[in-house]
Amino acid sequence: SNSSAASDVYKRQKEDDLIFTALEDSTNGFASATTEGTSHAITSGGTEIAMADLTEAQKVIDQENYVPNTLILNPAQVKELRDLDTLTEADKIGDRRMYERGWVGKIYGMDTIITNTVSASTAVVLDKYEGGGLVIRRPLTVEKWKEPIRDLTEAVVSSRMAAICFRPEAGAVITVS
């Protein structure tokens, strides 16, 4: 049903919000890490995200022996990247994907996730297998209850989860000013 589908979308958005907030956290997230004196909190040199920002983020992650395989972008940054000739001209990207699909699915080998969950001034590069995730704080429980007046038997299903950045060195946060 439509209400069930809407509920599933809401749950996924809530989980994404929890995870991305934990990864961007300046105290315990990717921005808190440093590699050889270089912070994983990268400030862009310009007013728009640039390819150099992405390669800098990949460098600090590579230096920690993790694999930068995921790029999380806000739709505003997607527009900025779509305007770069590096990703639009066939002689530079090597094919016509940008014109046929509207987006190149991988940039420097990284899968891209486009979401409003990250702010328009932030991009996140991470090793999706090592960076972070959801941990179960209380397992799934089912509580049955009856409503004798209407002759109903109901169940309440609940659990508790928390998002955590497992390894701050496995990611980087790019801030565009």
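Residues numbered from 1 in each chain as written. Predicted model: local features only at pLDDT ≥ 70, side-chain atom pairs only at ≥ 80, totals over all residues. Heavy atoms only, no water.

1. Quick look at the nonpolar core
Where we set the bar: We call a set of buried Ala, Val, Leu, Ile, Met, Phe, Trp, Tyr and Cys residues a nonpolar core when their side-chain atoms join them within 4.5 Å. Between buried and exposed lies partly exposed: a residue is buried under 20% and exposed over 50% of the maximum accessible area for its type, with that area taken using a 1.4 Å probe on protein chains only. Counting from the N terminus, the helices are the DSSP runs of H or I reaching at least four residues and the strands are the DSSP runs of E reaching at least two. Residue contacts are counted whenever heavy atoms from the two residues lie within 4.5 Å of one another.
Residues Ile-49, Leu-54, Leu-71, Leu-73, Val-125 and Ile-174 are the most contacted members of the largest nonpolar core, which totals 20 residues. Secondary structure elements with two or more residues in this core: α2 (51–62), β4 (70–73), α3 (75–82), β7 (122–126) and β10 (171–175). Here the element with the most residues in this core is α2; it accounts for five residues. Those residues in contact with Ile-49, other than ones at most four positions away along the chain, are Leu-54, Leu-73, Gln-77, Glu-80, Leu-81, Ala-123, Ile-174 and Val-176.

2. Here we look at α2
For clarity, the threshold we go by: Multiplying 1.5 Å by the helix residue count minus one yields the expected span of that helix.
Between its first and last C-alpha atoms α2 spans 16 Å; for twelve residues at 1.5 Å apiece the expected length is 16 Å, and the two agree. Regarding α2, the residues found buried are Met-51, Asp-53, Leu-54, Ala-57, Gln-58, Val-60 and Ile-61.

3. Some remarks on the sheet that holds β10
By way of backbone hydrogen bonds, the strands of a sheet pair with one another, either parallel or antiparallel. The following threshold applies: Criterion used throughout: strands pair if DSSP finds at least two bridges between them. Interaxial angle, 0 to 180 degrees, is taken between N-to-C directions of lines fitted to C-alpha atoms, where a helix line uses only the stretch in contact.
Read across the sheet, six strands follow the order β3-β10-β7-β4-β6-β5 without closing on themselves; strand pairing throughout is mixed. A single partner strand is all that each edge strand has here, and the edge strands are β3 (41–43) and β5 (106–107). For β5 and strand β6 (residues 110–114), the ladder comprises two bridges, and the chain directions are antiparallel. Among the inter-strand pairings, Ile-107 is bridged to a residue of β6, identified as Met-110. Of the strands in this sheet, β3, β4, β5, β6, β7 and β10 touch α2, which is tilted by about 155 degrees from β10. Helix-sheet contacts for α3 involve β4, β5, β6 and β7, and the interaxial angle to β4 is about 110 degrees.

4. With respect to the pairing of β6
Pairing of β4 with β6, which is carried by four bridges, proceeds in the parallel orientation. By the bridge assignment, Thr-70 is partnered in β6 with Asp-111. Hairpin remark: β5 followed by β6, antiparallel, with two residues in the connecting loop; positive phi at Tyr-108, about 50 degrees.

5. Here we look at the pattern of salt bridges
Selection rule: Salt bridge, as used here, is a side-chain nitrogen of Lys or Arg placed within 4 Å of a carboxyl oxygen of Asp or Glu.
All told, the structure shown has four salt bridges when counted by the stated rule. Between Glu-56 and Lys-59 there is a salt bridge, with the nearest N and O atoms lying 3.5 Å from each other. Placement of both Glu-56 and Lys-59 in helix α2 is noted, with a separation of three residues, approximately one turn of the helix. Relative accessible area serves as the criterion here: at 26%, Glu-56 is assigned to the partly exposed category. For the salt bridge of Lys-128 with Asp-111, the shortest nitrogen-to-oxygen distance reads 3.3 Å. Placement of the pair is Lys-128 in the loop between β7 and β8 (132–147) and Asp-111 in strand β6, with a sequence separation of 17 residues. A relative accessible area of 37% means that Lys-128 is categorised as partly exposed. On the basis of relative accessible area, Asp-111 is assigned to the partly exposed category, the value being 26%.

6. Structural notes on the layout of surface pockets
Rule in force here: Computed over the protein atoms alone on a 1 Å grid, cavities are sets of points where a 1.4 Å probe fits but cannot get out and pockets are open sets with protein on both sides within 12 Å along at least five of seven lines; a residue lines them when it has an atom within 4 Å of a point. Grid points are joined across faces, edges and corners, and a volume is the space filled by probe spheres set on the points. Under this grouping Gly is polar, as are all residues other than the nonpolar Ala, Val, Leu, Ile, Met, Phe, Trp, Tyr, Cys and Pro and the charged Asp, Glu, Lys and Arg.
For the second largest pocket, the calculated volume is near 200 Å³. Together, Asp-16, Ile-19, Phe-20, Leu-23, Thr-70, Ile-72, Ile-113, Leu-126, Lys-128, Gly-132 and Gly-133 line the second largest pocket. Residue assignment for the lining of the second largest pocket shows that the elements contributing at least two residues are α1 (2–24), β4 and β8. With four residues, the single largest contributor to the lining of the second largest pocket is α1. Among the residues forming the lining of the second largest pocket, the class breakdown is six nonpolar, three polar and two charged.

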